[in-house]
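Notes for the structure review
These are the residues of each chain, in order.
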Amino acid sequence: MSDKIPEGNRSARERLAQQREREKGREKRRRTLIVASAVVGVLALAAVVGLIAANAGKDDGGDTASGPAVAPSGAIGEDALTLPVGAADAPSTLTIWEDFRCPVCAQFETAFKDTITELADDGQVKVEYHLATIIDGNLGGTGSLRAANAAACAQDAGKFAAYHDVLFANQPPEPDDAYGKNSRLIELAGEVEGLDTPGFRSCVEDGEHDSWVKKSDTAFREGGFQGTPTVLLNGESVFPSKGDEQISPENLKKWVAAANKGKKPGTATPSAPADGSSAPADPSSAPAS
């Protein structure tokens with residue numbers, strides 16, 4: 001008996017194998033399309049949710065805090081409403097408006113925190129954080145305000161960035177106003193080494209920066225922004241997209257590299273020390289050794 005496969009059977013097997021390969025290719029393309037569509041959908045939803053939240057809070061009464069707006073230590077910019085992170089002389093600026101109750105802000109932080117930290121640590125960008133309270137206006141409660149005040153208190157202690165990350169990592173569900181309780185905000189401070197001090201607790205309990213937070217929220221509403229998070233690279237919006245490209249960690253790095261081409265990374269100290277003193281403005285103003 002011959003051990004050769006009849007020509008007809010060989011052709012049938014080859015056709016079956018080819019058909020299976022084509023089916024595998026179609027299935028792979030289908031999965032890729034589903035994933036890509038999901039990413040785009042999340043980003044589009046983020047923009048819509050932010051817009052709804054921003055518009056819904058517009059009748060919240062604006063800046064109703066009494067007393068002067070007490071800016072936290074090291075705050076910079078117009079009306080000292082900016083909390084800086086990274087080298088002050090970095091060639092590019094990443095401006096981020098966030099609300100600690102905003103779920104899309106938490107999603108953004110989860111996806112981009114490591115990338116932003118890397119870019120800041122490498123002196124490629126200085127990050128300028130601004131705080132808003134649109135979810136309080138949208139859903140009621142005071143969690144946005146209370147959390148933002150606590151974050152400003154952390155800035156006084158020189159620990160804003162670490163506490164900022166803790167707040168987003170532990171964000172409650174959007175309808176849950178857990179951050180409206182100062183006790184919860186103080187409890188979370190225990191996750192940042194050296195932050196839970198009598199001074200921090202007093203700052204949180206007294207609402208020391210409440211008027212400043214509301215002033216920041218007023219600036220957000222008057223700035224014409226569509227919602228949180230608002231993310232700008234050198235003044236140009238990059239969330240949820242820049243031009244025809246969707247934002248991603250890889251694209252953000254690419255956009256920063258293009259903006260910084262031919263420029264040296266920053267090395268300057270980003271902000272004033274926690275005790276409120278400031279470094280000399282330039283070497284010539286420093287005392288002689």
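Residues numbered from 1 in each chain as written. Predicted model: local features only at pLDDT ≥ 70, side-chain atom pairs only at ≥ 80, totals over all residues. Heavy atoms only, no water.

1. A closer look at the overall build of the protein
Check the secondary structure of the protein and you find 9 helices and 7 strands. Put simply, of all contacts in the protein between residues at least 6 apart along the chain, 77% involve residues at least 24 apart. As presented, the protein carries roughly 15400 Å² of accessible surface, and 52% of it is formed by carbon and sulfur atoms. (Helix = DSSP H or I, 4+ residues; strand = E, 2+ residues; numbered from the N terminus. Contact = heavy atoms within 4.5 Å. Areas by Shrake-Rupley, 256 points an atom, 1.4 Å probe, with all protein chains shown as cover.)

2. What to know about the packing of aromatic side chains
What the rule picks out here adds up to 8 aromatic pairs. Aromatic side chains Phe108 and Phe239 sit 5.7 Å apart centroid to centroid with 85° between the ring planes, which places their arrangement in the edge-to-face category. Note that Phe108 is positioned in helix H2 (residues 103-121) and Phe239 in the loop between strand E5 (236-237) and strand E6 (241-242), a separation of 131 residues in sequence. For Phe239, a relative accessible area of 12% puts it in the buried group. Put simply, the rings of Trp97, Phe220 and Phe225 touch in pairs and so form one group of aromatic residues. (Phe/Tyr/Trp six-rings, centres within 6.5 Å; stacked < 30°, edge-to-face > 60°. Buried < 20%, exposed > 50% of the residue type's maximum accessible area, 1.4 Å probe, protein only.)

3. Digging into helix H4 (residues 143-156)
Along its 14 residues, H4 runs 20 Å from first to last C-alpha, staying within 8% of the 20 Å computed at 1.5 Å per residue. Within H4, 14 of the 14 residues are buried, leaving the element largely enclosed by the surrounding structure. Immediately downstream of H4, the backbone of Gly158 shows phi near 75°, a positive value. (Expected span 1.5 Å × (residues − 1).)

4. Notes on H2
Its 19 residues place the ends of H2 26 Å apart at the C-alpha level, agreeing with the 27 Å of an ideal helix rising 1.5 Å per residue. By the largest-angle criterion, Phe112 marks the main kink of H2, which is about 60°. Along H2, the residues classified as buried are Val104, Cys105, Ala106, Phe108, Glu109, Phe112, Thr115, Ile116, Leu119 and Ala120. Immediately downstream of H2, the backbone of Gly123 shows phi near 75°, a positive value. (Bend = angle between axes of the 7 residues up to and from the residue.)

5. Quick notes on the packing of helix H6 (residues 182-189) against helix H7 (residues 198-206)
Axis separation between H6 and H7 bottoms out at 10 Å; the angle between their running directions is 155°. Taken together, the axis directions place H6 and H7 in an arrangement best described as roughly antiparallel. Crossing angle aside, the handedness with which H6 passes H7 is right-handed. Together, Asn182, Leu185, Ile186 and Ala189 of H6 and Phe200, Arg201, Val204 and Glu205 of H7 make up the contact between the two elements. Class assignment of the residues belonging to the contact of H6 with H7 gives a composition of 5 nonpolar, 1 polar and 2 charged. (Axes fitted to C-alpha atoms, helices over the stretch in contact; angles between N-to-C directions. Parallel < 35°, antiparallel > 145°, perpendicular 65-115°, else oblique. Left-handed = near helix turned anticlockwise from the far one by under 90°. Nonpolar A, V, L, I, M, F, W, Y, C, P; charged D, E, K, R; others polar.)

6. With respect to the confidence of the model for the protein
Close inspection of predicted coordinates is inappropriate for parts of the model with low pLDDT. Per-residue confidence for the protein gives a mean pLDDT of 83, with 73% of residues at or over 70. A low-confidence stretch, residues 31-42 (pLDDT under 50), is modelled with 2 contacts involving residues beyond four sequence positions or located in other chains. Taken as a whole, residues 271-289 scores under 50 in pLDDT and shows 13 contacts with residues more than four places along the chain or in a different chain. (pLDDT = per-residue confidence, 0-100.)

7. With respect to the nonpolar core
Grouped together as the largest cluster of nonpolar side chains are 58 residues, with contacts concentrated most on Ile116, Tyr163, Leu167 and Phe200. Apart from the residues lying within four places of it in its own chain, the contact partners of Tyr163 are Ala150, Ala151, Ala154, Leu185, Leu188, Ala189, Val192, Leu195 and Phe200. (Core = buried A, V, L, I, M, F, W, Y, C linked by side-chain atoms within 4.5 Å.)

8. Some thoughts on the state of the cysteines
Under the counting rule described, the total for this entry stands at 1 disulfide. Across the disulfide from Cys153 sits Cys203; the S-S distance is 2.0 Å. An S-S torsion of about -80° defines the bridge between Cys153 and Cys203 as left-handed. Here Cys203 lies in helix H7 and Cys153 lies in helix H4, a separation of 50 residues in the sequence. (Disulfide = S-S within 2.5 Å.)

9. So, the packing of helix H5 (residues 160-169) against H6
Between H5 and H6, the shortest axis-to-axis distance is 10 Å and the interhelical angle comes to 120°. Of the possible angle classes, the one that applies to H5 and H6 is oblique. Classified by chirality, the crossing of H6 by H5 is right-handed. Between H5, through Tyr163, Val166 and Leu167, and H6, the contact on the second element is made entirely by Leu185, Leu188 and Ala189.

10. Regarding the environment of Ala257
With respect to the secondary-structure elements, Ala257 resides in helix H9 (residues 249-259). Between the C-alpha atoms of Ala257 and Leu119, which are 138 residues apart in sequence, the distance is 9.8 Å.

11. As for the pattern of salt bridges
For the coordinates displayed, the defined rule picks out 9 salt bridges. Close ionic contact of Asp79 with Lys215 constitutes a salt bridge, the shortest N to O distance being 3.9 Å. Of this pair, Asp79 sits in the loop between helix H1 (7-56) and strand E1 (83-85) while Lys215 sits in helix H8 (residues 210-222), placing them 136 residues apart in sequence. (Salt bridge = Lys/Arg side-chain N within 4 Å of Asp/Glu carboxyl O.)

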